[in-house]
Amino acid sequence: LERSPPQSPGPGKAGDAPNRRSGHVRGARVLSPPGRRARLSSPGPSRSSEAREELRSRLLGLIERSRVVIFSKSYCPHSTRVKELFSSLGVECNVLELDQVDDGARVQEVLSEITNQKTVPNIFVNKVHVGGCDQTFQAYQSGLLQKLLQEDSAYDYDLIIIGGGSGGLSCAKEAAILGKKVMVLDFVVPSPQGTSWGLGGTCVNVGCIPKKLMHQAALLGQALCDSRKFGWEYNQQVRHNWETMTKAIQNHISSLNWGYRLSLREKAVAYVNSYGEFVEHHKIKATNKKGQETYYTAAQFVIATGERPRYLGIQGDKEYCITSDDLFSLPYCPGKTLVVGASYVALECAGFLAGFGLDVTVMVRSILLRGFDQEMAEKVGSYMEQHGVKFLRKFIPVMVQQLEKGSPGKLKVLAKSTEGTETIEGVYNTVLLAIGRDSCTRKIGLEKIGVKINEKSGKIPVNDVEQTNVPYVYAVGDILEDKPELTPVAIQSGKLLARRLFGASLEKIYHTLFWPLEWTVAGRENNTCYAKIICNKFDHDRVIGFHILGPNAGEVTQGFAAAMKCGLTKQLLDDTIGIHPTCGEVFTTLEITKSSGLDITQKGC
């Protein structure tokens with residue numbers, strides 16, 4: 001095994017690896033009975049990062065080819081217990097005694113990057129990282145170890161992903177690129193108002209994308225007012241048409257839905273529009289909208305089911321109120337609107353509705369933007385009040401009644417004070433709830449395979465490599481406990497998870513075309529904006545050239561220029577979470593090298 005200086009993979013990047021090459025870890029391809037030691041030889045010292053990647057590739061190749069691999073130390077009693085366990089089961093395995101190979105410390109260092117485990121024994125069964133001694137015995141006692149020991153070829157797929165949102169799609173496509181047989185299950189349970197949508201998850205359908213487009217529509221209204229001071233003269237009355245806007249936005253979203261389906265098809269990922277639910281270890285039931293059930297098995301699973309808006313639990317909330325699930329495709333103008341909540345979703349929606357000239361009130365239980373800087377939060381609230389948004393502070397709704405049906409109708413809201421006995425009433429056309437979101441983890445059969453969730457929040461605890469307490473089940477996105485609930489985080493996590501599981505190659509000199517979101521609905525040209533970076537591959541892929549052709553190019557370049565002066569590398573760009581949706585985030589997701597000749601046209605947001 002060649003020596004090489006450690007790279008800096010960064011948190012969450014430790015498992016990245018190049019595509020597996022033919023060959024094996026030198027001296028270690030020994031399907032030996034327990035007790036027989038596999039030895040590693042070293043071809044000599046090297047200080048290149050390529051040697052380190054070669055070592056990582058060889059280790060992953062060994063794991064890929066072996067039924068069981070135990071990374072051990074001959075004097076470790078915990079390692080001895082694990083080897084005796086597999087011996088009692090009559091299971092042949094590869095045993096690598098890291099204290100008896102020439103470069104054992106380097107092997108253990110790279111292994112810790114792959115698994116985020118620094119101790120031995122470190123056990124893999126049929127390519128699944130089981131963990132150490134305690135985890136292996138727990139898996140044995142639960143029957144999971146015996147299940148993992150079944151032949152991998154018995155499964156229908158290498159990987160099944162439950163959830164077709166940002167994280168799930170990113171993981172699916174990356175795993176497919178790395179040669180794995182992948183399925184995505186995605187099914188949107190209609191909201192209480194009957195709203196559902198296509199492939200792509202919350203961000204594309206009922207989140208970032210339509211929100212920013214509606215915000216853009218409101219900004220255009222403000223620009224019309226400002227334009228008079230810049231010499232534009234017009235006499236006709238200008239009014240906003242809700243139906244025209246929503247139709248244009250939904251048409252754009254439909255094009256993104258189709259683009260995602262096409263992208264999966266191009267990468268040979270099986271897409272099934274069905275509700276996924278675990279029924280036993282390595283097996284799920286997929287139920288389509290007609291109630292037809294189909295069963296699938298996989299070696300590994302990724303849960304990427306996301307979250308849905310929370311309801312108040314009061315009389316009339318699900319019958320008469322809407323949420324962000326419904327707002328962006330609402331077929332009529334919402335009219336006078338009460339927004340319940342003080343989250344960024346609540347304030348964003350209140351802001352663009354007011355920008356359309358609607359009468360908007362925000363009902364706040366306690367403070368604005370909990371968890372954010374409160375000085376900034378209050379400045380946001382003050383600005384909104386100056387621009388016509390009314391606030392009802394320290395009140396919560398207790399009942400919603402329908403006074404009149406219609407599109408929109410009329411609703412009466414009864415609310416009570418959080419600081420006393422005072423109650424108030426108000427009449428609105430629409431009540432929009434934005435009080436938080438709940439993880440979609442309670443009805444997918446996790447209890448049947450023993451995956452632990454936080455009973456209060458529904459979120460899934462995972463380790464630093466997104467692995468749940470069940471070794472072959474991983475999770476990404478908003479359902480993770482104590483992780484950021486952001487689209488770019490989910491996209492990056494999904495991609496990196498696939499690379500950790502299946503290995504990935506390093507590429508240099510990247511470019512892409514892109515389509516600014518502000519240009520989509522307006523019908524401006526697609527695939528005319530361009531981004532490119534030039535890297536010095538002999539200096540850790542340091543970025544030495546930065547090019548962008550598109551809106552606000554100067555503003556974007558200024559920020560990256562400072563980063564380049566500080567030694568920006570391609571790895572640092574990959575590790576950076578993009579601000580979504582913006583033009584600048586394209587530099588955090590560059591994947592295609594110019595020398596590859598692959599298509600760089602825009603196919604999604």
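This one's a predicted model, so the numbers in the text were calculated from it and none came from an experiment.

1. Considerations on the overall build of the protein chain
Thought 1: Along its length, the protein chain carries 18 helices and 23 strands.
Thought 2: Against the globule reference of 25 Å for 605 residues, the protein chain gives a C-alpha radius of gyration of 27 Å, in line with a compact fold.
Thought 3: With respect to the principal axes defined by its C-alpha atoms, the protein chain has extents near 85 × 55 × 45 Å.
Thought 4: Pairs at least 24 apart in sequence give 66% of the contacts found in the protein chain among residues at least 6 apart.
Thought 5: Entry remark: accessible area of the protein chain is about 28,200 Å², with carbon and sulfur atoms responsible for 50%.
Thought 6: Positive and negative charge centroids in the protein chain, built from 72 and 63 side chains respectively, lie 2 Å apart.

2. A closer look at helix H6 (residues 166-177)
Thought 1: Taking 1.5 Å per residue, 12 residues should reach 16 Å; H6 reaches 17 Å between its end C-alpha atoms and fits that length.
Thought 2: Of all 12 residues making up H6, 10 are buried, and the element is well covered by its neighbours.
Thought 3: Where H6 is concerned, the buried positions are Ser-166, Gly-167, Gly-168, Leu-169, Ser-170, Cys-171, Ala-172, Glu-174, Ala-175 and Ala-176.
Thought 4: Buried-residue contacts for H6 involve strand S5 (157-162), strand S6 (182-185), helix H7 (201-206), helix H9 (242-266), strand S10 (293-303) and helix H15 (487-502).
Thought 5: Directly beyond the C-terminal end of H6, a positive phi value near 90 degrees is found at Gly-179.

3. Some remarks on the domain arrangement of the protein chain
Thought 1: Segmentation of the protein chain into domains returns domain 1 (50-149), domain 2 (157-309 + 439-502), domain 3 (312-436) and domain 4 (512-604).
Thought 2: Put simply, the middle of domain 3 and the middle of domain 4, counted by C-alpha atoms, are 38 Å apart.

4. Structural notes on the packing of H6 against H9
Thought 1: Two numbers describe how H6 lies on H9: the axes approach to 10 Å, and their chain directions differ by 25 degrees. Compared by their axis directions, H6 and H9 come out roughly parallel. Taken as a pair, H6 and H9 cross one another with a handedness that is left-handed. Each of Leu-169, Ala-172 and Lys-173 in H6 lies in contact with H9, whose residues at this interface are Tyr-260, Ser-263 and Leu-264.
Thought 2: By residue class, the composition of the contact of H6 with H9 is four nonpolar, one polar and one charged.

5. Quick notes on the packing of aromatic side chains
Thought 1: Evaluation of the coordinates by the stated rule reveals 12 aromatic pairs.
Thought 2: Judged by centre distance (6.4 Å) and plane angle (65 degrees), the rings of Tyr-157 and Tyr-296 are edge-to-face. Of this pair, Tyr-157 sits in strand S5 while Tyr-296 sits in strand S10, placing them 139 residues apart in sequence.
Thought 3: Given a relative accessible area of 17%, Tyr-296 falls into the buried group.
Thought 4: Centre to centre, the rings of Phe-352 and Phe-356 are 6.0 Å apart; their planes meet at 45 degrees, and the pair counts as tilted. Phe-356 matches Phe-352 in its accessibility class, with the two residues each being buried.
Thought 5: Through a chain of ring-to-ring contacts, the aromatic side chains of Trp-242, Phe-328, Phe-352 and Phe-356 assemble into a single cluster.
Thought 6: Geometry around Tyr-157 places Lys-181 over its ring, the cationic atom sitting 4.9 Å from the centre.
Thought 7: Note that Lys-283 overlies the ring of Tyr-295, its terminal NZ or CZ placed 5.2 Å from the centroid.

6. Some thoughts on the confidence of the model for the protein chain
Thought 1: Model confidence for the protein chain is summarised by a mean pLDDT of 86, while 90% of its residues fall at 70 or above.
Thought 2: Across residues 1-46, confidence stays below pLDDT 50; counting only partners more than four residues off in sequence or on other chains, it has 151 contacts.

7. So, helix H12 (residues 344-355)
Thought 1: The first and last C-alpha atoms of H12 sit 16 Å apart over 12 residues, in line with the 16 Å expected at 1.5 Å per residue.
Thought 2: The set of residues buried in H12 consists of Ala-346, Leu-347, Cys-349, Ala-350, Phe-352, Leu-353 and Ala-354.
Thought 3: Positive phi shows up at Gly-357, right after H12, with a value of about 95 degrees.

8. Section: the pattern of salt bridges
Thought 1: Evaluation of the coordinates by the stated rule reveals 23 salt bridges.
Thought 2: Across the salt bridge formed by Glu-277 and Lys-448, the nearest N and O atoms sit 3.6 Å from each other. One end of the pair, Glu-277, is in strand S8 (residues 275-280); the other, Lys-448, is in helix H14 (residues 446-449), with 171 residues separating them in the sequence.
Thought 3: Look at Lys-448 and you get partly exposed, because its relative accessible area is 42%.
Thought 4: Two residues, Asp-574 and Lys-570, come together in a salt bridge whose shortest N-O distance is 2.6 Å. Of this pair, Asp-574 and Lys-570 both sit in helix H18 (residues 570-575), four residues apart, which is roughly one turn of the helix.
Thought 5: Looking at Asp-574, the relative accessible area reads 13%, which means it is buried.
Thought 6: One salt-bridge network, in which partners are shared between bridges, spans Arg-52, Glu-53, Arg-56, Arg-106, Glu-109 and Glu-113.

So, how was this worked out
Residues numbered from 1 in each chain as written. Predicted model: local features only at pLDDT ≥ 70, side-chain atom pairs only at ≥ 80, totals over all residues. Heavy atoms only, no water. Helix = DSSP H or I, 4+ residues; strand = E, 2+ residues; numbered from the N terminus. Rg over C-alpha atoms; globule rule 2.2 N^0.38 Å. Contact = heavy atoms within 4.5 Å. Areas by Shrake-Rupley, 256 points an atom, 1.4 Å probe, with all protein chains shown as cover. Lys, Arg positive; Asp, Glu negative; His and termini not counted. Charge placed at Lys NZ, Arg CZ, Asp CG, Glu CD. Expected span 1.5 Å × (residues − 1). Buried < 20%, exposed > 50% of the residue type's maximum accessible area, 1.4 Å probe, protein only. Domains from an automatic or database assignment. Axes fitted to C-alpha atoms, helices over the stretch in contact; angles between N-to-C directions. Parallel < 35°, antiparallel > 145°, perpendicular 65-115°, else oblique. Left-handed = near helix turned anticlockwise from the far one by under 90°. Nonpolar A, V, L, I, M, F, W, Y, C, P; charged D, E, K, R; others polar. Phe/Tyr/Trp six-rings, centres within 6.5 Å; stacked < 30°, edge-to-face > 60°. Lys NZ or Arg CZ within 6 Å of the ring centre and 35° of its normal. pLDDT = per-residue confidence, 0-100. Salt bridge = Lys/Arg side-chain N within 4 Å of Asp/Glu carboxyl O.

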